[in-house]
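Commentary on secondary and tertiary structure
So you can see what is in the structure, the chains are spelled out below.
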Amino acid sequence: MIQANRIPYFAVFPSISMFIMKRIFFIATAILFTAITNAQRNDSLTTQDYDRAAKMLSFNTTQYVDNGNVTAHWTNDNTFWYRNLTAQGSEYILVDATKGTRTTTTKQDVNAANKNKPKSYEVLSPDGTKAAFIKDYNLWVRDVATGKLTQLTTDGVQYFGYATDNAGWKHSDNAILRWSPDSKKIATFQQDERNVGDMYLVATNVGHPKLQQWKYPLPGDSNVFTIQRVIINVDESKVIRFQMQPDMHRGTLSDDISSSGTFDDVDWSDDENELAFVSTSRDHKNEKFRIANTTTGEVRDVFEETVPTQYESGQGTINWRYLSKTHEIIWYSERDNRGHLYLYDANTGKLKDQITKGDFVVTEILKVDEKSRVIYFLADGKDAKNPYFTHFCKVGFDGKNLVDLTPETGNHNISLSPADNYFIDNYSQPDVPNVAVLRKIDGKIVLPLEQADISRLKATGWKPITTITVKAHDGTTDLYGLMTTPTQLDSTKKYPVIVYIYPGPQGGSVGSWSFSPTRGDDASLAELGFIVVKIEGTSNPLRSKSFHDMNYGFMADNTLPDQVSGIRQLAARYNFIDTNRVGIWGHSGGGFATACAMFKYPDFFKVGISESGNHDNREYEDDWGERYIGLLTRDPNGIDNYNAQANQVYAGNLKGKLLLAHGLMDDNVPPYNTLLVIQALERANKDYDLIVFPESHHGYGQYSLYMMRRRWDYFVKNLLGATPPKEYEIKFAPDPRSGQ
C-alpha cells in the first residue's frame, strides 16, 4: 500500500520527539562510554605480560638467590662438604666440625657413596652384603658380592604375595620389609588381595587400547587388603608366621604401610629376638601395641589406645620406639589435645610418665639417646610468631629439662650428622631468607655457614610475600596464611582474588613455612593482575587435636567457611581486594574443595579450576574416607553417610565458570571422580570446561606447564575479563649455575 504525504511523528508531537531524541543521544553516549570503559578493562594481555609472569616462577627466581640452603654431604662423623651457589657461579665448601673451620675446596665426588647402591626395587641389608627383592610374588635375596640369588619363600601367588607394595592408590614392584640390625632376619608380610575389588584404567593409543588392572579397595567394601605378618630367617630360608589373626593393611601414619619409606610400625629389639609392632583398626580408632617372639611367632599384647575420631603417630615420621634394653616404650598420643610423648612399661603395659607437655605438638622424633635418657624431637607451636614454625628440642625421659635447641624465630629444618653429635640448622620465614649454621647436639653454634643474599632478586623487581592472620569461621580461632600481590600494586585499584586451596586434613594450603622466592605460580598469577591468597584453614594437623578434628566426619566442609570468612576480613583490611571477583583453584584434595566451593558458595566464588579432585570419596581409596569420615554406614532408607559429601550431588548449583582437569591414567585418584561431576553437570544442563591428559597420572608430568598456562588463561579470561595471548608457551629454564 502507498502512503503519500505521511507526516513525521516528531512534527506532530514536537515536545515528545525532542525528549526521545535527547534520550537516544544520552543512551548512545552511555553505550559509547561503556564500550570505551570495557575496552580499557578488557585490554588484551600481551606476550610480554605473560613473559613477566613467567619470570616469577621458581626456576626463574631461584637463580637470583645466593648463599642459600646448605645440604651437607658427610664424609665421616665430623667432616662434610656442601655446594654453595653464588652470584659468580658455584663453590664447594669443606667443613671440619671438630675444628670449626670452613674452607673452599674442589668439586667433590658425589658418586663415591653410590657405588654399591642396590637396584630401585631392592632393599639392602644393614651390612650391605644382601639385597632383598620380589620375584614371582615371592621374596628373594641377592648376594651383593657374588650375585647369587636365593629364594626365601615359595608359597607366594598372585594377589597373595610377599612384601607386596600395593595400597591401592599407590603401587609398585618394591619390596616392603625391615631387615634386622644383624642382617640375618627380615620382618615382612604376605598380603591378601584375593577378594578385593579391581580398578581399571584404559590407555590411549593407536589400535586396541591397553587395560591397566590392579586391586584397589573402596570405602564400604566387604573385602579390603589384609596382611599376615612373618619373620624370615635369611640363612635358612625359613618363614615364621605370627600366631595372630591377619592385620588390616593400615599404619599409624596412613594405609600405606611403607609411607615413611620402609616397613612401618615395626621395631626390632637389640638382640633381634623380638619385634615390636602396632596393629591399626580399619577405621584408625584403635591401636594395639604388640611384641612378637621372632623365633616362635608368639605374639603378646602390651597395651592399646582407642580414640573417638582417628589416631595418628605424628607428622611425617612414626614417633613410637621400643627400648628393649630397659623394657620401655616411647608412645605418641594426642590424649591431652596435643601430640605428646608418653613412657610405658613394656612388661606390664602400664603408663610410667608423660614425657612432653605444653601448648606445642611433637611432630618427629629424630634421636633417642637411651644411655643419657634424652629424646631429640621436632615441635610446632614453640615459636610465638607462628604456630607452624618448627623448632628442634630435647627433653629427658622424665619430662624434665625441656630445651629449645633452635630458639631463633623461624621455621627450622634440621639435618643430623651420622654420629648424631652435630646438626645443620637451616632456618627462615616466608618473607625472611635462610640462615644456615652448624650446631653441636646441645644447640651451641659451632660455625655460621651461609646467610642467603637476595639483593640480586630484589633488583629484578621482586617483592616478598605478605604473611596474614585472620579469624576462622567461628570468629575466635586464629588462622595463618600468605598473600601474594603484584610487584607494581596500585592500592587505589580493585584486584580480583584467587584462593589456592588444599584443605588436608593431613596437610594444608601453605605447605612449607620456610622462605621461598616464589611458591608455585602464585607470584605469576599476581603479576597478571590478581591477589593470590593461601589460608591454612581449620583441620590442619599441626596444631591441637580439636583443631584437626573440626571437620572430622564431614570432610566436604573443606575449610571453605574459613576461606570465605578470611577473604572478607582481608577485604576489610586491604581496600584493593575485590570480593565481587573471587576465584579458587586446587589439585587433588584441592580439586575436591574447588568444585565444592563453586557448588556450595556459588555467589561468592565466580571462577574455579578443579584439578584431579577426589570428588566422591566412595570412588577413592578405602583408607582415606574411612580414616577421616568413618566407616561407610547406611540409614534405614539406604542412604550412606558419604553421599552428602559427594560433589556431584550439588553440581546443579553451579553459577560461575568451572574448569575441570584430570589425567586419564590417574591411579591415585581415578578419573571417574571427575566424570561423576561431569555427568551431574550435564544432567543439570550446566556449562563447564574440561581438560584431559590421556596418558597422565595424578600429576601431569610433561604437561604440567601446559596446565599452568591454561590456568592463567582461564582466570585472565573469566575473572580479570581480559584476553590472554594465544597459546603462550611456558618454558622451563634451569639455574645457569647448576652446570658449573
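For the structure, see preceding data.
Residues numbered from 1 in each chain as written. Predicted model: local features only at pLDDT ≥ 70, side-chain atom pairs only at ≥ 80, totals over all residues. Heavy atoms only, no water.

Describing helix H12 (residues 704-720)
The end-to-end C-alpha distance of H12, which contains 17 residues, comes to 23 Å, matching closely the 24 Å that a straight helix rising 1.5 Å per residue would cover. Of the positions making up H12, those classed as buried are Met707, Met708, Arg709, Arg711, Trp712, Asp713, Tyr714, Phe715, Val716, Leu719 and Leu720. Looking one or two places after H12, you find Gly721, whose phi comes out positive at around 75°. (Helix = DSSP H or I, 4+ residues; strand = E, 2+ residues; numbered from the N terminus. Expected span 1.5 Å × (residues − 1). Buried < 20%, exposed > 50% of the residue type's maximum accessible area, 1.4 Å probe, protein only.)

Considering the sheet that holds strand S25 (residues 340-345)
Strand order in the open sheet formed by four strands is S23-S24-S25-S26, with antiparallel pairing between adjacent strands. Lying at the two open borders of the sheet, with one neighbouring strand each, are strand S23 (321-323) and strand S26 (351-354). Strand-to-strand twist in this sheet, taken as the mean axis angle between neighbours without regard to direction, amounts to 25°. Across six bridges, the pairing between strand S24 (residues 328-333) and S25 is antiparallel. Counted as the bridge partner of Trp331 is Tyr342 from S25. (Pairing = 2+ DSSP bridges. Axes fitted to C-alpha atoms, helices over the stretch in contact; angles between N-to-C directions.)

A word on the pairing of S24
Consecutive side chains of a regular strand alternate in pointing toward one face of the sheet and then the other. When you tally the buried positions in S24, you get six out of six residues, the bulk of the element. Burial along S24 is two-sided: the residues Glu328, Ile330 and Tyr332 and Ile329, Trp331 and Ser333 are all buried. Bridge count for S23 against S24 is three bridges, and the pairing is antiparallel. Opposite Leu323, over in S24, you have Glu328 as the bridge partner. Count of turn residues in the S23/S24 antiparallel hairpin: four residues, of which His327 carries a positive phi of about 55°.

A few points about the sheet that holds strand S19 (residues 266-268)
With antiparallel pairing, four strands are arranged side by side in an open sheet as S19-S20-S21-S22. In this open sheet, the two edge strands, each paired with only one partner strand, are S19 and strand S22 (299-306). Averaged over all pairs of adjacent strands, the angle between strand axes in this sheet comes to 15°, irrespective of strand direction. Strand direction decides the pairing type here: strand S20 (residues 274-280) and strand S21 (residues 286-293), joined by seven bridges, are antiparallel. Each bridged residue has a counterpart across the sheet, and for Ser279 the counterpart in S21 is Lys288.

Some remarks on the pairing of strand S32 (residues 422-429)
Extensive coverage of S32 is indicated by the burial of eight of its eight residues. Residue alternation in S32 divides its side chains into two sets, Tyr422, Ile424, Asn426 and Ser428 and Phe423, Asp425, Tyr427 and Gln429, and both sets are buried. By the bridge criterion, six bridges tie strand S31 (residues 411-416) to S32 in an arrangement that is antiparallel. Note on S32: the bridge partner recorded for Leu416 is Phe423. The loop that links S31 with its antiparallel partner S32 comprises five residues; one of these, Asp420, has a positive phi angle of about 60°. With seven bridges joining them, S32 and strand S33 (residues 432-440) adopt antiparallel strand pairing. Bridge pairing in S33 links Tyr427 to Val435.

Quick look at the pattern of salt bridges
A side chain of one charge can pair with a side chain of the opposite charge when the charged atoms of the two come close. Following the criterion strictly, the structure yields 42 salt bridges and no others. One salt bridge connects Arg290 with Asp301, and the closest N-O pair in it is separated by 2.7 Å. You can see Arg290 sitting in strand S21 and its partner Asp301 sitting in strand S22, a full eleven residues away along the chain. On the accessibility criterion, Arg290 (13% relative accessible area) is buried. (Salt bridge = Lys/Arg side-chain N within 4 Å of Asp/Glu carboxyl O.)

Considering the packing of helix H3 (residues 47-54) against H12
At a closest axis distance of 13 Å, the pairing of H3 and H12 adopts a crossing angle of 125°. With respect to H12, the axis of H3 lies oblique. As for how H3 packs across H12, the hand of that crossing is right-handed. When H3 is examined against H12, the residues Tyr50, Ala53 and Ala54 are found in contact with a partner set consisting of Trp712, Asp713 and Val716. Counted by class, the contact of H3 with H12 contains five nonpolar, no polar and one charged residues. (Parallel < 35°, antiparallel > 145°, perpendicular 65-115°, else oblique. Left-handed = near helix turned anticlockwise from the far one by under 90°. Contact = heavy atoms within 4.5 Å. Nonpolar A, V, L, I, M, F, W, Y, C, P; charged D, E, K, R; others polar.)

Points about the packing of aromatic side chains
In this structure the tally under the stated criterion is 32 aromatic pairs. Members of the aromatic cluster, joined through ring pairs, are Phe289, Phe303, Tyr311, Trp320, Trp331 and Tyr344. Positioned over the ring face of Tyr159 is Lys215, at 4.5 Å from the centre of the ring. Seen from the ring of Phe547, Arg543 lies directly overhead, with NZ or CZ sitting 4.3 Å from the centre. (Phe/Tyr/Trp six-rings, centres within 6.5 Å; stacked < 30°, edge-to-face > 60°. Lys NZ or Arg CZ within 6 Å of the ring centre and 35° of its normal.)

Description of the environment of Asp353
Mapped onto the elements, Asp353 comes out in strand S26. Each C-alpha atom, one on Asp353 and one on Leu341, is 9.1 Å from the other, the two residues being twelve residues apart in sequence. In this structure, Asp353 is in contact with Tyr342, Leu343 and Asp398, ignoring residues within four places of it in sequence.

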